[in-house]
Amino acid sequence: MESDNSHVEMKLSSDMDEEVGENGVGEHHHHNSNGKPYVVRKLGHTPKNLCYFASGILLIFIIGILIGYMSHGEKNVAPVCASSISLIENDVPHETGAAPLMDWDDVKSLLAKKFTAAKIEQAFSDFSQASHRAGSPEDEKLGNRVLERFKEYGMNTWTDEHFIKVQDPPTSGYNKIVFRNMSEERPKGFLSYSGNGSVTGAVLYARYGQEVDFRALRDKNINMNGRVMLVRAGKISFAEKVANAAKMNASAVLIYPDQAEISDSTELYGHVHMGSGDPYTPGFPSFNHTQFPPVVSSGLPRILAQTITKGTGTTILKQLRGQNKPENWEGYYKLGDESDTITVEVNNVLAEKKIHNVFGVIKGFVDSDRYVVIGAQRDAWGPGFASSTVGTSVLVELARSISDMVKNDGFKPRRSIVFASWSAGEYGSVGATEWLEGYLSSLNMKAFSYINLDGIVTGRNGFKVAGSPLMHSLIENTLKEVKNKEMLLFNEFAKSNWESNILEPMQLNSAAYPFLAFSGIPSISFRFTTDNSDYKYFGTLEDTLENLNIATSSQVPQLAETAGRFAGHIVLRLVHDHLLQMDVMKYYKIIRSDVGKINGKVKEVLQMQPQLLPKALTVQWLISATGSYSRAASSLQVDIQNSDLEDIEMCRLINDRIMAVEKNFLSPYVSPRESPFRHILVGSGPHTLKALIKHLDALKIDNPEADAELFRNQFALATWTIQGCANSLAGDIWSLDNNI
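The name an unreviewed UniProt entry gives the protein is Transferrin receptor protein 1, with Ilyodon furcidens as the organism. Under the UniProt heading Subunit (unreviewed entry), the note attached to the protein is "Homodimer; disulfide-linked."

This is the structure we're talking about:
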């Protein structure tokens, strides 16, 4: 104590001691405002000094009691993760609200109370329109209505504008067909992105236009060059039918509906782009302010494609001559011969349309920059009740229910939820794909899942799910939680084997497909169905509530409620848990199966056609890469078991490793323009493992279309894609197990 410059310092925190512990105790230098060091002198035992000493001891005692009380009181609070406590503002602990304190059973119960069939039925009337084609005033009106609802629920909202090119039917002329010398037919239905012009050729019936159907025709030694293929709707997309016919050098394709319930005059609408998005800006977005060179998608067909009515298709079939059809084929008796000529003329017009995607977000409380996306198509060729109205209604009701859970019931999602209403879905998921192309770098390692709500109710006695293998375990668990009326979905539809009875491959025409195969985002698409068949009224002007009620025994709101809760449970689970429920070992089983097939077929080719492949060719490197993936996946499981999942940074690092798996299966060696669906396991193109297997089958019989050098190149690139995914999954660079 020196005159008026008295200085007393009481240090209760040990933090500073730890910071300077390496310098030894006693090396602190305290300075006054003039920069001169204080001199610490030995204090005498005067009454004044004793008073100060006693006061100091008492103060330390009181502070110690307060700290002990606060520590004891904190133990009585519900357990929270470490990230939910902040130590700022004078080191006073306070709750940030970052942790999902709510029990999962309580979360499920809240959703069940708020998301009801009665609310969905009201939404049906709010979002149904007699006509709302993409880019039309009715489509924009519906989009604004969705946007208003999102704002009403207190969500952050925005819109995304694109200028896209589509093909529409001719405004002044018409498309037409003339079979033999019969009267001219002028169908009102059309197929967007068809080739234009007029061709005359002989009709050939090709069943559903699948590859197996064309192989059956080839086995009959039928010449398919220049033929006009007559095919039924169903089994595969219109685009795949036309692409398969083009491989056979057909000149045109006619597609007709064959279902018994469809009337003879029902017109069909659709598109034939073998891809998704705007085919005139492949791989990049259709923004108005960007000037891209004139380029078109490799998936645009060069041959003509046109829909015809069931009545017209049946009339042509009955008059065909030529060889008998295969015994197991539907239809009449003959396939058609060279005298069954038909003229097809297509005059579609290219038009530019402005479309809007609409978004709303519920932000997470921990990892707000990580989000699950749930979306639904908003446009339709006609009423589109099953194709768009049901999905849009469920989307909006889920947004309302979950927003209310956050605002009024204390639910705190760890991650964000983005709700998306897409336009131009009928032209090939154009709105969704353009969004992916426009923000691919922003979405990388942030969007960790997509849930598709298109066509979720088309029947009542079947339930089908298509999804990334990473999400199969989550799908199974959700099936065991959600009830349809009084029975769990798993018990009602799984039967002896849920994977074979419920799971199905994701189709090219699903809006979830570009998320999975183009962007590498784990995705799910699902539907209630009848007899596991396609809904008869998709792509027609008869997709109405009345027809959907017939298909579901008037249970549309109830089935939509169950479907919505299935989607809602998946979304909430993904934003509630510390770790993302994604099983990386599922892909190992698929890789191992495909690699086993490749190994066996390589040996067959070396034995049957030794001149095509070098004897030194080995599958060992591919097998080694598969093993690296297996070890990396097992290592991740060990890291999870040995980690403190209450540590927010540790949890985030593990989730990032999981999220990277899907993206790392996108081949970095192919062009997004030539092969947009770059995923080597679920994508399409010569780079996929499935394509390698088919290529080996072609080499085995020395098919002239087989290319041994191309196979070896794709074989090597697939190997390194798998190895790269394994390296990323392993984590840090020093954790890699790469013996190649």
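Structure shown, so let's carry the discussion forward.
(A) Looking closely at the overall build of the protein. Secondary structure summary: the protein contains 22 helices and 19 strands in total. For the protein, buried positions account for 53% of its 740 residues. Contacts in the protein between residues far apart in sequence, at least 24 positions, make up 78% of those at least 6 positions apart.

(B) Up close: the packing of aromatic side chains. Scanning all chains against the criterion turns up 28 aromatic pairs. Arranged with centres 6.0 Å apart and planes meeting at 85°, the rings of Phe 190 and Tyr 269 form a pair that is edge-to-face. Within this pair, whereas Phe 190 is found in strand β5 (residues 190-192), its partner Tyr 269 is found in strand β9 (residues 269-271), the two being separated by 79 residues in sequence. Their ring planes at 50° and their centres at 5.4 Å tell us that Trp 422 and Trp 435 sit as a pair that is tilted. Here Trp 422, found in strand β14 (residues 415-422), pairs with Trp 435, found in helix α10 (residues 430-438); they are 13 residues apart in sequence, far enough to count as distant. Judged by its relative accessible area of 2%, Trp 422 falls in the buried class. One aromatic cluster is present, formed by Trp 158, Phe 359, Trp 422, Trp 435, Tyr 450 and Phe 515 through successive ring pairs. The ring of Tyr 174 has Arg 186 sitting right over it, with the charged end atom 3.6 Å from the ring centre. Its guanidinium or amino end placed over the ring of Phe 490, Lys 480 lies 4.9 Å from that ring's centre, counting from NZ or CZ.

(C) Main features of the pattern of salt bridges. The full count for this structure, using the stated rule, is 36 salt bridges. One salt bridge connects Glu 499 with Lys 586, and the closest N-O pair in it is separated by 3.7 Å. Of this pair, Glu 499 sits in helix α14 (residues 498-501) while Lys 586 sits in helix α18 (residues 585-608), and the two are 87 residues apart along the sequence. Lys 700 is the partner of Glu 604 in a salt bridge, and the nearest nitrogen-oxygen pair spans 3.0 Å. One end of the pair, Glu 604, is in helix α18; the other, Lys 700, is in helix α21 (residues 689-700), and 96 residues separate them in sequence. Residues joined by salt bridges that share partners form a network here, namely Asp 367, Asp 369, Arg 370, Arg 652 and Asp 656.

(D) Focus on the nonpolar core. Ranked by size, the top nonpolar core spans 141 residues in total, and within it Ile 374, Val 390, Phe 419, Ile 451, Phe 463, Phe 526 and Tyr 629 carry the most contacts. Tallying contributions element by element places helix α17 (residues 556-576) first for this core, with 11 residues. Not counting chain neighbours up to four residues away, the residues in contact with Ile 374 comprise Leu 395, Leu 398, Ile 417, Val 418, Phe 419, Ala 420, Tyr 450, Ile 451, Leu 453, Ala 567 and Val 571. Membership of the second largest hydrophobic core comes to 53 residues, among which are Ala 134, Phe 179, Leu 268 and Trp 329.

(E) Examining the confidence of the model for the protein more closely. Confidence along the protein averages 87 in pLDDT terms, with 86% of residues attaining 70 or more. Here residues 1-43 is modelled with pLDDT under 50, and outside its nearest four sequence neighbours on either side it reaches 25 contacts, counting other chains as well. When the criterion is pLDDT under 50, residues 71-98 qualifies, and its contacts beyond four places in sequence or with other chains add up to 37 contacts.

(F) Main features of the sheet that holds strand β7 (residues 228-232). Read from one edge of the open sheet, 6 strands run β4-β11-β6-β7-β8-β10, paired in mixed fashion. Bordering the open sheet on either side are β4 (176-179) and β10 (304-307), each of which pairs with just one other strand. Between one strand axis and the next, the sheet turns through 30° on average, direction left out of account. As paired strands, strand β6 (residues 197-205) and β7 are joined by 3 bridges and run parallel to one another. Pairing of Tyr 205 across the sheet is with Leu 230, part of β7.

(G) Representation of the side chain of Lys 586. Owing to a relative accessible area of 14%, Lys 586 belongs among the buried residues under this scheme. Aside from chain neighbours lying at most four places away, what touches Lys 586 is Pro 469, His 472, Ser 473 and Glu 499.

(H) Layout of unusual backbone geometry. The phi dihedral of Lys 235 falls on the positive side, at around 75°, and the residue is not glycine. In this structure, Ser 553 takes a positive phi of about 55° despite not being glycine. Under the relative-accessibility criterion, Ser 553 is labelled partly exposed at 42%.

(I) Representation of helix α22 (residues 708-730) in the model. With 23 residues, α22 extends 33 Å from end C-alpha to end C-alpha; this agrees with the ideal 33 Å at 1.5 Å per step. Measuring from the side-chain oxygen of the N-cap residue of α22 to the backbone nitrogen of Glu 709 gives 3.0 Å; that N-cap residue is Asp 707. Within two residues after α22, Gly 731 carries a phi angle of roughly 105°, on the positive side.

(J) Structural context of helix α19 (residues 620-641). Helix length check: α19, at 22 residues, gives a terminal C-alpha distance of 32 Å against a target of 32 Å (1.5 Å per residue), a fit within 8%. Buried within α19 are the following residues: Leu 622, Ser 624, Ala 625, Thr 626, Gly 627, Ser 628, Tyr 629, Ser 630, Ala 632, Ala 633, Leu 636 and Ile 640. Where the residues of α19 are buried, they touch α18, α20 (648-664) and α22.

(K) Spotlight on the sheet that holds strand β12 (residues 349-362). Taken together, the 7 strands give an open sheet; going across it, the order is β3-β12-β14-β13-β15-β19-β16, and neighbouring strands pair in mixed fashion. The open sheet terminates on both sides in strands that have one partner only, identified here as β3 (156-168) and β16 (462-467). Within this sheet the neighbouring strands show an average axis-to-axis angle of 20°, counted without direction. Where β16 lies against strand β19 (residues 523-529), 6 bridges are found, and the strand directions are antiparallel.

(L) Structural view of the packing of α19 against α22. Between α19 and α22, whose axes approach to 8 Å, the crossing angle comes to 15°. The angle between the axes of α19 and α22 places the two elements in the roughly parallel class. The chirality of how α19 crosses α22 is left-handed. Contacts between α19 and α22 involve Trp 621, Leu 622, Ser 624, Ala 625, Thr 626, Ser 628, Tyr 629, Ala 632, Ala 633 and Leu 636 from the former and Phe 715, Thr 719, Ile 722, Gln 723, Cys 725, Ala 726, Leu 729 and Ala 730 from the latter.

(M) Spotlight on the packing of helix α9 (residues 385-408) against α17. Two elements in contact, α9 and α17, have axes whose closest approach is 10 Å; the angle formed by their N-to-C orientations is 55°. Judged by the angle between their axes, α9 and α17 are oblique. Remark: the crossing between α9 and α17 carries right-handed chirality. Contact residues: Phe 385, Val 390, Val 394, Leu 398, Ile 402 and Met 405 in α9; Val 556, Ala 560, Gly 564, Ala 567, Gly 568 and Leu 572 in α17. Across the contact of α9 with α17, the residue classes break down as 10 nonpolar, 2 polar and no charged.

(N) Here's a closer look at the environment of Leu 503. Note that Leu 503 resides in the loop between α14 and α15 (512-518). For Leu 503, the residues in contact, after removing those within four places along its chain, are Lys 464, Val 465, His 472 and Trp 498.

Parameters and conventions
- Residues numbered from 1 in each chain as written.
- Predicted model: local features only at pLDDT ≥ 70, side-chain atom pairs only at ≥ 80, totals over all residues.
- Heavy atoms only, no water.
- UniProt positions renumbered as here; feature names shortened; annotations may be inferred.
- Helix = DSSP H or I, 4+ residues; strand = E, 2+ residues; numbered from the N terminus.
- Buried < 20%, exposed > 50% of the residue type's maximum accessible area, 1.4 Å probe, protein only.
- Contact = heavy atoms within 4.5 Å.
- Phe/Tyr/Trp six-rings, centres within 6.5 Å; stacked < 30°, edge-to-face > 60°.
- Lys NZ or Arg CZ within 6 Å of the ring centre and 35° of its normal.
- Salt bridge = Lys/Arg side-chain N within 4 Å of Asp/Glu carboxyl O.
- Core = buried A, V, L, I, M, F, W, Y, C linked by side-chain atoms within 4.5 Å.
- pLDDT = per-residue confidence, 0-100.
- Pairing = 2+ DSSP bridges.
- Axes fitted to C-alpha atoms, helices over the stretch in contact; angles between N-to-C directions.
- Expected span 1.5 Å × (residues − 1).
- Polar contact = N/O pair within 3.5 Å; in protein donor to acceptor, adjacent residues only side chain to side chain.
- Parallel < 35°, antiparallel > 145°, perpendicular 65-115°, else oblique.
- Left-handed = near helix turned anticlockwise from the far one by under 90°.
- Nonpolar A, V, L, I, M, F, W, Y, C, P; charged D, E, K, R; others polar.

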